[in-house]
Structures are given as C-alpha cells and as structure tokens.
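# A closer look at the structure
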Amino acid sequence: MRTLRFLIHKEFLQIFRDRMLLGMLFIMPLAQLLLLANAATFEVRSARMYVVDQDGSPASRGVVDRLTASGRFINSASSASIALANEAMLGGATDVILVVPRHFERDLVRDQHAPVQFIVNAEDGGAAGVMQSYASRILAGYAAELSIKELPGNMMITGAPDVPVAGRATIDVRRRGWYNPDLDYADYMVPGILVIVVTVVGTLLTAMNIVREKEAGTLDQLNVTPIKRSTFIAAKLIPLWSLALLDFALGLLLAYFVLGVPIRGSLLVVFLGGAIYLVGALGIGLWISSISETQQQAMFVSFSILMTYLLMSGLFTPLRAMPEWAQWLAEANPLAHFTNLMRAVLLKGAGLRDLMHQFVMLTVIGLVVLTLAVRQYSKRTE
Amino acid sequence: MGSPSTAPSSVDSPLIVDGLGKRFGDVQALDDVSIEVQPAELFGLVGPDGGGKTTLFRILTTLLIPDSGSATVLGLDVVRDMWEIRARVGYMPGQFSLYPDLSVEENLGFFASVFGTSIEEGRSIIAPIYEQIEPFRDRRAGALSGGMKQKLALSCALVHRPDILFLDEPTTGVDAVSRREFWDLLHSLKESGLTIVVSTPYMDEADRCDRVALMQHGRILATDRPAAIGALFPHPLFGVRGHDRVALIRTLREAPHSASVFPFGGELHYSDTRTDMDPSQIASEVRQLLHAKGMEDAEVRSIEPGIEDTFMSLMGTASSTVPA
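Residues numbered from 1 in each chain as written. Chains lettered and ligands numbered in written order. Predicted model: local features only at pLDDT ≥ 70, side-chain atom pairs only at ≥ 80, totals over all residues. Heavy atoms only, no water.

With that settled, the discussion passes to the overall build of chain A. A tally of regular secondary structure across chain A gives 14 helices and 5 strands. Looking at the 382 residues of chain A, the share that counts as buried comes to 47%. Accessible surface, chain A: about 19000 Å² in total, of which carbon and sulfur atoms supply 62%. (Helix = DSSP H or I, 4+ residues; strand = E, 2+ residues; numbered from the N terminus. Buried < 20%, exposed > 50% of the residue type's maximum accessible area, 1.4 Å probe, protein only. Areas by Shrake-Rupley, 256 points an atom, 1.4 Å probe, with all protein chains shown as cover.)

Written out as structure tokens, the structure is:
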C-alpha cells in the first residue's frame, strides 16, 4: 500500500509538470464539447432552393413563401426553366429544386389537389431526408391553411408521383417525442459527445503512459524493483482515472449550465456509471500500452480501437439499424452502454434499477479489461 | 578458464553463472557462459557492442529468462527467486533510465521509496556520490550533464543498499574526467564490501577491475586478472614506430614470421611467431628488415602485451572458429 502511494505520487508529479498533458486533459475535451455540441446536429437551416414557378399564381407564390418563411429554405434562384434548375443542381449552386407546374392554382381549386415537384440533392442522404420531411410538413400545413381559409372540404396538396410531398392517406400521424419533446439535438448529442471526448483523452493518455516508460528505459529500472504487477497497474490507473472523472464532471457542468442539457435523473447514478465505465476505458489504454513497444504503435492501436468504438456506439447511427451480429458486438462496447446510460439518466431520469443491464455490462467489461492489462504487463520476457 | 586466480566454487560466491545460453531468433546472444564472482570483487565484462553483455545483465537482474544453464545471484536462482533478487540487487542499465521530468531529489526519493526506504536511510552509502550532485537537487534529471546523470543513476541504484551492483556500460558517453572519477567511486564502494559487476566496451577500463571476462559473440573468451590476461598473449610483441605507417604495416604483414600487425595508438603492435627466440634478437632482425626496405626512421622495441592485445588476438581466433 505504501509503495502504491509513492507510485501514485510520482505519477501526479509528472502529470502536473507536463503543461501539454494538462492542456490535453482539461482544455481540449471541454473545447471539443463546446465545438461539437454546436456542430453535431442533423438540423438543416437555409438550404438553397431553386424555384421554377410555371404557374405564377397567388397559390404558387404562397407555396414559395411558406417554404422560405420557415427559415429552412432560402429562395436562392428562380427561372421558368427546369433545365437551368438541373444545371444549378449539378454545379452545386442549389440544394433543392421546387417546381410548381402550370395550372397549379386552377387544379387546386377544381380538383382540390394539385402536385408540386420537390427535387432534393440526395448526395448527403441524411440531410436530404431531413429537407424532404421539412418540406412535407410545411406544405401539409399550407394545405390545411388553404382549406380552412378559402375552400371548405378536404383539399390537399399532393406531391408529384416520384417525389411525394404529402401523403394521400388521410391518416393523421401526430408526432410526439417523449423525454426530448422539442427533439433538441443538443440534448441528444451532448451526453454522447461528452462520453466520447472523455474516452478519447483518457484512453490516449493511458495508452501513451507505460509505453513512454518503455521508451525511456525507466520501465526496466522499475522492473528491477520489488513492485508487484497489480500495484504497478493500479498506480498507473488511479491518477488518470481520477483526472478523467474530474474531466467528466467539468464537462457535465458545462453541458448543464452552458449547453442547457437537462439533468433529470440522479447525478450519483451518472457518476457511479462514469466511475465504472472509466475503469474499462482506461484499462483498454493500459492494455494497449503493455502490448506496444513504441508510442507510435500505441497511437495506431488506440485510434483503430477508438474508431470502432465511436462508430458502433449508437451515437451517429442507431444501433437498432445495424445487422444483428453488429448489435451483439456492440454489447462489448463500453462506450455504447455508457452513452445509453447517460442519455437515460439525463433526459429520461432513469434510475439504477432501470439501468441494471448497462451497469452489469460495464462492470464485466471493466473487470475483463483490467485482468488483461495486468496479465499483459509482464515484468519479464521469455 | 583454469587460471590460478579463479577461486574454487563456493556457496558464498555472490554470483555464479553456469552454462547460460540465450537465443533471439537467429542470434545466439549468449553461448554457454560461465563466470563466478567473489564477494567484494570488482568484476568487469569487457567486449565490443553486441557481445552479449547486456543480455547477461538482463538475465542476472531477472528481466529475462535464459534458454539454458543456470545462474544464482546472492545464492538465489534468477528464475525461481526473482522477487528476493529484485529487493537485493542494484541495477544501472546502459541507457539513462531515470525520469527526466522529475528533479534529482525526486528521482532518488522515488527509487528509495519503491524499495521501502528513504534517502536519509540510504545516505551513508550514497553520500560520496550524492554530495557531488546535491547542489543540483532541484534540477530536473533531463537537464543534467552526462557525468551528473550517471552519478544520479548510480545513487538511485545504491540507495536501497543492495548486496550486489550491476552496472551496464556506465561510462559510455561520459567524458574522460568523469569516467576516472566514476571508477574511483566504484573502488571506494568495493572497499566498503560491495560486490560490483560492471560491463564496458573500453579496454583501458578493464585494468581497473579485479578480474575481467572477455566477451564476444555471446561467449566468454577468457576470465582472469587484467595483468594475467595480458600474459595470455601467445607471441612475443613489439612496438613499431615510423613516419610511413602504411608502408610499415604492409612490410610487417609480409615479414616471414609475422603473426599479426595492429595499429595501436601512435604505434603499431607487431607480433612474431618465433616464441622461443630472444625478443631483442627478433627486434633487431625486424629493424634491419624495415631499414633495408627504406624505412630508415623505423624503431622497434620489445613490449609487454596488454589486455587489449590479448583481446584482439583472442577475437581473431574466436571469430575464425565461431561461425558468425
């Protein structure tokens, strides 16, 4: 125990003497959190819309006005030529093309429905889907408005056959998002981003740690001492673990006070989860450090593991959309469990009992990883 | 090696190495190495880089497991009793291996603490060394000069009062004055009863050891007192001087009884195959030969072979018998 204290003291001395390391630990993750919280959103604003109004009627102008008034679209160019509009799309000058065909108003009045064509550049599939759903919502609203104001009955604006603008079905689907009623992207993304930045910093720092002692030769010197393997690993883990937890706490403060993310559940549950999670996350770093001979190797291994983690965490693409084998694999991803846990506690107010699965998995992963790291760090070679 | 100065085996020997072998892939790093070191002896492992000295040290300090043979340090087996050994040996690796971002005092305090002791408890043994670097105790180890780094490393290896000290090429990259000081320190440590095993690629340092083992290609070529090692040289040896060294070397190599010719500092060392002939007579014959070939300023004198002469000679025969 006494040896452990001295080893930990030494680690802290080294950490607090390294300005670069301190910057990496405290400034970088928080700056990233602020930056990414604002950048990582699926919201589309001010998409450039090319208007081809062949009708030129009050009704057709109403369609354009409603779309631009929403702030989602700006009328970036207009002409009567679909060919010109297509050219603009090819050249990247516009994101969507709105075509209001001739006799739009007449058909609307006579048949109570009339098509408009809404062509979306789907190179970026995510954004295309979002823009399309904005447009159908806005147009449906306009249709309802018209039917109340001018034409009693169930008049509708429907899309052209290939690009439906609003469904012909009369089923009225009302969306109501629970726990994040405004579908605020920050509330949804920030807990996940916080987990990511703390994980990246923590894993990289621990991955560099033992291998740096290897490169400096100090590991040899330490190995010819009566320090036990588990003591050594504990001495490496505890300082970085506590700093990563502090990092996590600072990030949470920032998320609550600056980014306005709600904390509906118990902070105790969040920190209990964080404490267990970080043992596993940093344990992987230590394991990487033990298998690597140089800092460069450790860097490469860390990046490939972290990449897999991030992309399979469910933050960017929903886990349920993945094939079954990938979902099984995600069970071994501590990042996925902890991201789930964070969202459940912060947004939903879930308690310990609701999160048994996550807690069990995080504990199991932590124990396995730590055992691996201790075993891998052998004090001598064959 | 059968020389009279090798003491008989005894359980009291702080270091016994018996037929140690270690292979890394295609390289036989250690090949049937046997040595025995006496209490309070200053024992040198001398040989070129890649000779196997560091591998031997790593096995003796329990960092590496040998393929064959056995070794005991302080009567403890290097494979089985590694924890007891680690508490009782001092090791200074060849590469500077202290924390450059910690101060002199912090480094020393840290290594004392991991052995469960303190700078104060170890002070009496490290005092002669540590006093020289104590004025810089708040300086970071990375900012020390080569000589001071080495003194700090020695202090760290000694602070827990080890019973045997392993120093792997401690003077490599250190200036001549610091090297001499360092060897003086080793002598005073040895006087206090500490057993020291030190490796060096420098032949001139071998003379400062009680006994040395010459190592090359993972083998021990000879083990003896430095003076006795010189006596192992098989031929009469001569120092030859003259201004045209190239012509001298060529002529001496072609001389009828030439055994070897090596440049050695400012002169050439020439050995002659006629072991039963009076050296002064050989010297005058060689002188006449050189004068006859037009090198009138050539001087030839009979000299006593040193450890380096023996080593060059042994290396020559070793490399011709050992497939490289």
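Of regular secondary structure, chain B possesses 11 helices and 14 strands. Principal-axis analysis of the C-alpha atoms gives chain B an extent of 70 × 45 × 35 Å. For chain B, contacts bridging at least 24 residues in sequence account for 69% of all contacts bridging at least 6. Counting every atom, chain B has about 13800 Å² of accessible surface; 51% of that belongs to carbon and sulfur. Mean positive and mean negative side-chain charge positions of chain B (29 and 45 charges, respectively) differ by 3 Å. (Contact = heavy atoms within 4.5 Å. Lys, Arg positive; Asp, Glu negative; His and termini not counted. Charge placed at Lys NZ, Arg CZ, Asp CG, Glu CD.)

In this section: a nonpolar patch on the surface. Residue and element names in this part refer to chain A. A cluster of nonpolar side chains, contributed by L34, L246, L250, L253, Y256, F257 and V258, occupies part of the molecular surface with about 660 Å² of accessible area. Considering each element in turn, the nonpolar patch owes the most residues, 5 residues, to helix α9 (residues 229-257). Along the polypeptide, Y256 turns up in helix α9. Assessed through its relative accessible area of 41%, Y256 is described here as partly exposed. (Patch = residues over 30% accessible without salt bridge, like charges linked within 9 Å, V, L, I, M, F, W, Y side chains within 5 Å. Salt bridge = Lys/Arg side-chain N within 4 Å of Asp/Glu carboxyl O.)

With that settled, consider the interface of chain B and chain A. Across the contact, 32 residues belong to chain B and 26 residues belong to chain A. Regarding the contact of chain B and chain A, the summed buried area is about 2800 Å², with carbon and sulfur atoms giving 58% of it. Along the contact surface separating chain B from chain A lie 2 salt bridges. In this structure, the salt-bridge partner of E106 of chain B is R17 of chain A, at a minimum N-O distance of 2.6 Å. (Buried area = accessible area lost by both parts, 1.4 Å probe.)

Across soluble globular proteins, you tend to see nonpolar side chains buried next to one another. In this structure, M342 of chain A together with L154, L158, L165, L167, L186 and L189 of chain B are the most contacted members of the largest nonpolar core, which totals 123 residues. Excluding anything up to four places from it in sequence, L165 of chain B contacts G90, L154, A157, L158, L189, L194, T195, I196 and V197 of chain B. By size, the runner-up hydrophobic cluster in this structure holds 30 residues, among which are L15, Y91, F166 and V197 of chain B. (Core = buried A, V, L, I, M, F, W, Y, C linked by side-chain atoms within 4.5 Å.)

What follows is about the pairing of strand β9 (residues 211-216) of chain B. Within a regular strand, side chains alternate between the sheet's two faces. All names here are of chain B. The element β9 is largely enclosed, with a buried count of 6 among its 6 residues. Neither face of β9 is exposed, since R211, A213 and M215 on one face and V212, L214 and Q216 on the opposite face are all buried. Bridge analysis of strand β3 (residues 42-46) against β9 gives 4 bridges, and the strand direction is parallel. Its bridge partner being in β9, G44 is matched across the sheet by V212. In this sheet, strand β10 (residues 219-224) lies alongside β9 in antiparallel orientation, the contact comprising 5 bridges. The residue of β10 that forms the bridge with L214 is A222. (Pairing = 2+ DSSP bridges.)

Take the confidence of the model for chain B next. All names here are of chain B. In this model, chain B carries a mean pLDDT of 87, and residues with pLDDT of at least 70 account for 94%. Scored below 50 in pLDDT, residues 1-10 makes 17 contacts in the model with residues more than four places away or belonging to other chains. For residues 319-324, every residue scores under 50 in pLDDT, and the model assigns this stretch 2 contacts once sequence neighbours within four places are set aside. Across the assembled chains, the prediction reports ipTM 0.76 with pTM 0.75. (pLDDT = per-residue confidence, 0-100.)

Note that A206 of chain B resides in helix α7 (residues 203-206). Considering only alpha carbons, one finds A206 of chain B and E308 of chain B, 102 residues apart in sequence, at a separation of 9.0 Å.

Note: most peptide bonds trans; most residues except glycine with negative phi. One non-glycine residue, S46 of chain A, lies in the positive phi region at around 55 degrees. Along the chain, the position of S46 of chain A falls in the loop between α2 (19-39) and β1 (47-53).

Before going further, it helps to spend a moment on the packing of helix α10 (residues 267-291) of chain A against helix α11 (residues 295-311) of chain A. Residue and element names in this part refer to chain A. Direction vectors running N to C along α10 and α11 enclose 145 degrees, while the axes themselves pass 9 Å from each other. Every pair of crossing elements has a handedness; the one defined by α10 and α11 is right-handed. Two secondary-structure elements touch here, α10 through I284, W287 and I288 and α11 through A298, V301, S302, I305 and Y309. By residue class, the composition of the contact of α10 with α11 is 7 nonpolar, 1 polar and no charged. (Axes fitted to C-alpha atoms, helices over the stretch in contact; angles between N-to-C directions. Left-handed = near helix turned anticlockwise from the far one by under 90°. Nonpolar A, V, L, I, M, F, W, Y, C, P; charged D, E, K, R; others polar.)

Another aspect to go through is the sheet that holds strand β2 (residues 27-37) of chain B. Hydrogen bonds between backbone atoms are what pair the strands of a sheet, whose relative direction is either parallel or antiparallel. All names here are of chain B. If you walk across this open sheet you meet the 4 strands as β2-β1-β4-β5, and the pairing is antiparallel. Bordering the open sheet on either side are β2 and β5 (76-77), each of which pairs with just one other strand. With 5 bridges joining them, strand β1 (residues 15-24) and strand β4 (residues 68-73) adopt antiparallel strand pairing. Bridging from a neighbouring strand, V17 pairs with A71 of β4.

Once that is clear, we can look at the packing of aromatic side chains. Tallied over the entire structure, the rule returns 12 aromatic pairs over all chains. Each ring, one from F73 of chain A and one from F118 of chain A, has its centre 5.6 Å from the other, and the planes form 85 degrees; the classification is edge-to-face. With F73 of chain A in strand β2 (residues 73-78) and F118 of chain A in strand β4 (residues 113-120), this pair connects stretches of sequence that are 45 residues apart. F118 of chain A gets classed as buried once you look at its relative accessible area, which sits at 2%. On the numbers, 5.8 Å between centres and 80 degrees between planes, the contact of F57 of chain B with F166 of chain B is edge-to-face. One end of the pair, F57 of chain B, is in helix α1 (residues 53-60); the other, F166 of chain B, is in strand β7 (residues 164-168), with 109 residues separating them in the sequence. Put simply, the rings of F248, F271, Y277 and F338 of chain A touch in pairs and so form one group of aromatic residues. If you follow R5 of chain A out to its NZ or CZ, it ends over the ring of F6 of chain A, 5.7 Å from the centre. Sitting over the face of the ring of W83 of chain B, R86 of chain B holds its NZ or CZ atom 5.1 Å from the ring centroid. (Phe/Tyr/Trp six-rings, centres within 6.5 Å; stacked < 30°, edge-to-face > 60°. Lys NZ or Arg CZ within 6 Å of the ring centre and 35° of its normal.)

On to the sheet that holds strand β12 (residues 258-264) of chain B, then. Residue and element names in this part refer to chain B. Ordered in space as β12-β13-β11-β14, the 4 strands form an open sheet in which the pairing is antiparallel. The open sheet has two edge strands with one neighbour each: β12 and β14 (299-303). The average angle at which neighbouring strand axes cross in this sheet is 25 degrees, direction not considered. With 5 bridges joining them, strand β11 (residues 237-241) and β14 adopt antiparallel strand pairing. Bridge assignment links G239 to a residue of β14, and that residue is R301. Taken strand by strand, helix α9 (residues 245-254) contacts β11, β12 and β13 (267-272), and its axis lies near 160 degrees from that of β12.

Right, let's talk about the domain arrangement of chain B for a bit. The domains assigned to chain B are domain 1 (15-230) and domain 2 (234-304). Centre-to-centre, using C-alpha coordinates, domain 1 of chain B lies 40 Å away from domain 2 of chain B. (Domains from an automatic or database assignment.)

All names here are of chain B. Taking 1.5 Å of rise per residue, 15 residues should cover 21 Å, yet helix α4 (residues 119-133) covers just 14 Å from first to last C-alpha, more than 12% shy of that figure. Those residues of α4 that fall on the buried side of the exposure criterion are I119, G122, I125, I126, A127, I129, Y130 and I133. Those residues of α4 that are buried are in contact with α3 (104-114), α5 (146-158) and α6 (176-191). (Expected span 1.5 Å × (residues − 1).)

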